[in-house]
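Each chain is listed here by its residues.
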Amino acid sequence: MQDLKTLSIGGTNNVAREDIVVGLDIGTSKIAAIIGNTWQGDTEKIEIIGVGHAPSDGLRKGIVVDVDLTTAAIRQSIADAELMAGIEIGSVFAGIAGGHITGQTSQATIAVAGAGHEITQVDVDRAISVAEAVSIPAEREVLHVIPQGFIVDNQDGIKDPVGMSGIRLDAYVHIVTGAVASALNLVKSINNAGITVENIVLEPIASADAVLSNEEREIGVVLADMGGGTTDIVVYKDGALHHTSVLALGGDHVTNDIATVLRMTPQEAERLKLSRGCACVDLVDQRDTIPISRVGGARRPSFLQVRDFAEIIQYRMEEILSLIHQEIIKSHVPVPAGVVLTGGTALFDGLLELAERTIPYPIRIGYPRPLKGLTDRVNSPIYATGVGLVIYGAMKRYSEPHRTFIKGNLFDQILKRMKDWFRDYF
Ligand SMILES: Nc1ncnc2c1ncn2[C@@H]1O[C@H](COP(=O)(O)OP(=O)(O)OP(=O)(O)O)[C@@H](O)[C@H]1O
Ligand SMILES: [Mg+2]
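Here the structure is a predicted model, which means the values were calculated and not measured. (Residues numbered from 1 in each chain as written. Chains lettered and ligands numbered in written order. Predicted model: local features only at pLDDT ≥ 70, side-chain atom pairs only at ≥ 80, totals over all residues. Heavy atoms only, no water.)

## Some thoughts on the packing of helix α1 (residues 67-85) against helix α3 (residues 180-191)
Argument step 1. Put simply, α1 and α3 touch, their axes get as near as 8 Å, and they point 50 degrees apart. For the element pair α1 / α3, the angle class is oblique. Regarding α1 and α3, the two cross each other, and that crossing is right-handed. Contacts between α1 and α3 involve V67, T70, T71 and I74 from the former and N185, K188, S189 and I190 from the latter.
Argument step 2. A class-by-class count of the residues in the contact of α1 with α3 yields 3 nonpolar, 4 polar and 1 charged. (Axes fitted to C-alpha atoms, helices over the stretch in contact; angles between N-to-C directions. Helix = DSSP H or I, 4+ residues; strand = E, 2+ residues; numbered from the N terminus. Parallel < 35°, antiparallel > 145°, perpendicular 65-115°, else oblique. Left-handed = near helix turned anticlockwise from the far one by under 90°. Contact = heavy atoms within 4.5 Å. Nonpolar A, V, L, I, M, F, W, Y, C, P; charged D, E, K, R; others polar.)

## With respect to the pairing of strand β12 (residues 168-179)
When a strand is regular, its side chains alternate between the sheet's two faces.
Argument step 1. Buried residues dominate β12, accounting for 10 of its 12 residues.
Argument step 2. As defined by bridge partners, strand β9 (residues 102-111) adjoins β12 across 10 bridges and the pair is classed as antiparallel. Looking at the pairing, S106 lines up with V173 of β12.
Argument step 3. Strand direction decides the pairing type here: strand β10 (residues 140-152) and β12, joined by 11 bridges, are antiparallel. By the bridge assignment for β12, V145 is matched with I175. (Buried < 20%, exposed > 50% of the residue type's maximum accessible area, 1.4 Å probe, protein only. Pairing = 2+ DSSP bridges.)

## Concerning helix α4 (residues 203-211)
Argument step 1. Summarising burial for α4: 9 of the 9 residues are buried, a large majority.
Argument step 2. For α4, the complete set of buried residues consists of E203, P204, I205, A206, S207, A208, D209, A210 and V211.

## Examining α1
Argument step 1. Here α1 contains 19 residues, and its C-alpha end-to-end distance of 26 Å stays within 8% of the 27 Å for a straight helix at 1.5 Å per residue.
Argument step 2. Of all the positions in α1, only V67, T70, T71, A73, I74, S77, I78, A81 and E82 are classed as buried. Looking straight down α1, one finds its buried side chains confined to an arc of 165 degrees; they lie on one side. In α1, the exposed positions angled more than 90 degrees off the buried face are occupied by D68 and L83.
Argument step 3. The residue sitting at the N-terminus of α1 and contributing the capping side-chain oxygen is D66; that oxygen lies 3.1 Å from the backbone nitrogen of D68.
Argument step 4. Positive backbone phi, approximately 70 degrees, marks G86, located one or two places after α1. (Expected span 1.5 Å × (residues − 1). Arc of directions from axis to C-beta. Polar contact = N/O pair within 3.5 Å; in protein donor to acceptor, adjacent residues only side chain to side chain.)

## Thoughts on the nonpolar core
The nonpolar side chains of a soluble globular protein tend to be buried, and buried together.
Argument step 1. Within the largest apolar cluster, 64 residues are counted, with the highest numbers of intra-cluster contacts made by L24, V92 and I190.
Argument step 2. The dominant element in this core, judged by the number of residues it contributes, is helix α10 (residues 384-399), at 7 residues.
Argument step 3. Beyond its immediate sequence surroundings of up to four residues, V92 is in contact with V22, L24, I78, I190, I195, T196, V197, E198 and N199.
Argument step 4. Core analysis: the second largest hydrophobic core is formed by 42 residues, V254, A279, I328 and V339 among them. (Core = buried A, V, L, I, M, F, W, Y, C linked by side-chain atoms within 4.5 Å.)

## Quick look at the packing of helix α6 (residues 251-262) against helix α8 (residues 306-331)
Argument step 1. Closest axis-to-axis distance for the α6/α8 pair is 9 Å, and the angle between their directions is 140 degrees. Accordingly, the angle class assigned to the pair α6 and α8 is oblique. Between α6 and α8 lies a crossing of right-handed hand. Contacts from H253, V254, D257, I258, V261 and L262 in α6 reach F309, I312, I313, R316 and M317 in α8.
Argument step 2. Residues that form the contact of α6 with α8 fall into these classes: 8 nonpolar, 1 polar and 2 charged.

## Things to note about a nonpolar patch on the surface
Argument step 1. Together, L347, Y367 and I382 line one region of the surface with nonpolar side chains, adding up to about 240 Å² of accessible area.
Argument step 2. Locating Y367 in the fold gives a position in the loop between β20 (363-365) and β21 (372-373).
Argument step 3. Note on Y367: relative accessible area 37%, which makes it partly exposed. (Patch = residues over 30% accessible without salt bridge, like charges linked within 9 Å, V, L, I, M, F, W, Y side chains within 5 Å. Areas by Shrake-Rupley, 256 points an atom, 1.4 Å probe, with all protein chains shown as cover. Salt bridge = Lys/Arg side-chain N within 4 Å of Asp/Glu carboxyl O.)

## A look at the state of the cysteines
Argument step 1. Counted by the stated rule, this structure contains 0 disulfides.
Argument step 2. Its sulfur unpaired, C278 is 6.0 Å from the next cysteine sulfur, which belongs to C280.
Argument step 3. A relative accessible area of 8% means that C278 is categorised as buried. (Disulfide = S-S within 2.5 Å.)

## Observations regarding the side chain of R397
Argument step 1. Looking at the element boundaries, R397 is found in helix α10.
Argument step 2. A polar contact is formed between the side chain of R397 and the backbone oxygen of I20, at a distance of 3.0 Å.
Argument step 3. A polar contact is formed between the side chain of R397 and the side chain of E198, at a distance of 2.9 Å.

## Notes on unusual backbone geometry
Argument step 1. Positioned with a positive phi, R263 is a non-glycine residue whose angle comes to about 50 degrees.
Argument step 2. Position of R263 among the secondary structure elements: in the loop between α6 and α7 (266-276).
Argument step 3. Look at H332: it is not a glycine, yet its phi comes out positive at around 55 degrees.
Argument step 4. Given the relative accessible area of 71%, H332 is considered exposed.

Here's what the structure looks like:
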């Protein structure tokens, strides 16, 4: 595979190492780099060989707001992962999220022209590209075009129409777009760390590859990745993506609530949240107290009822869970396999119980599925996106090399769209 030569792995040797896929999760709370040996795209054999992470200070609500701080954290996480793996990496599959992300479903109809009206791959590609050609504003970048299903004449629910006979072919595709400026700052932060971007992937799509089974995606399932700055939601049915949404709310809001109500610094509030936080008031010991010191408060610690503390957390978590429920209703997609909660905020004690009361579906907490190698290092919902990026990258690189490898420079491509945007604007 010629393109892979660009993946400069092995330092100055520049050895083509097409088996190496790197997932770079640029989150609001942490940046995680995960190096996987993908054994020719065999997802059953993927081996984690390096993991690095660094605190993330350059993002707000999933969006890069300080390129230099983000670049520094990317450098650190990649250097740690490289050290662990004993190799140098050149490119990554990077995650993107933030409130600017939107998903829409588009439909197109084409006439099947070929001999005997037998549908070929060319017809399918043509139908998808017509559906893809919906007018996307110049300031938005298309991140994913995911076929949902096809209708041949009046027969619906068809996944692969190639070889079938018909006069008319309808294609349904889900198109995910994001703000050009946000994608540009993300790519810039990575490029400034000396790394090229092989592809940008919507974070919950990557997380889904790590925590959902194919059966769940077939039956109908919701994945909510509850991070620090955002809660990213995707809904799958019949094996395809049907709904995408990013809520600009996450665990950081809980931390801020605690800091405000208890008059603490955000650092103290975060420490207390992680050590004593519970999202369900009914699960805590009613008599239990926590000694706390407040900003500018008395020298002697005061005592906080654990129940009152849980109430602060439950209030915000109920809001986030209700918004997830509303997104399910909005999607109009039946989800008998229920809701899978992942991301760091899914680690809250009592969250499962609260979610079961708030959302009338089966709920489970999603851990990345075990891979080979250093899998215990990433066995947490916090790493769902990073592990998923490795799995997604492995599948894309081998199944759709023509789509995965961005011809030319991704940065230049996004920049061109941005120039078009300014030209249209002025
Ligand atoms: N044990 C825990 N209990 C409750 N919350 C936790 C726990 N561990 C981590 N968190 C919270 O999870 C959040 C970080 O999760 P994660 O690493 O998935 O976010 P991120 O990917 O960096 O952010 P985002 O996806 O929103 O950009 C923080 O708000 C942190 O306080
Ligand atoms: Mg995240």
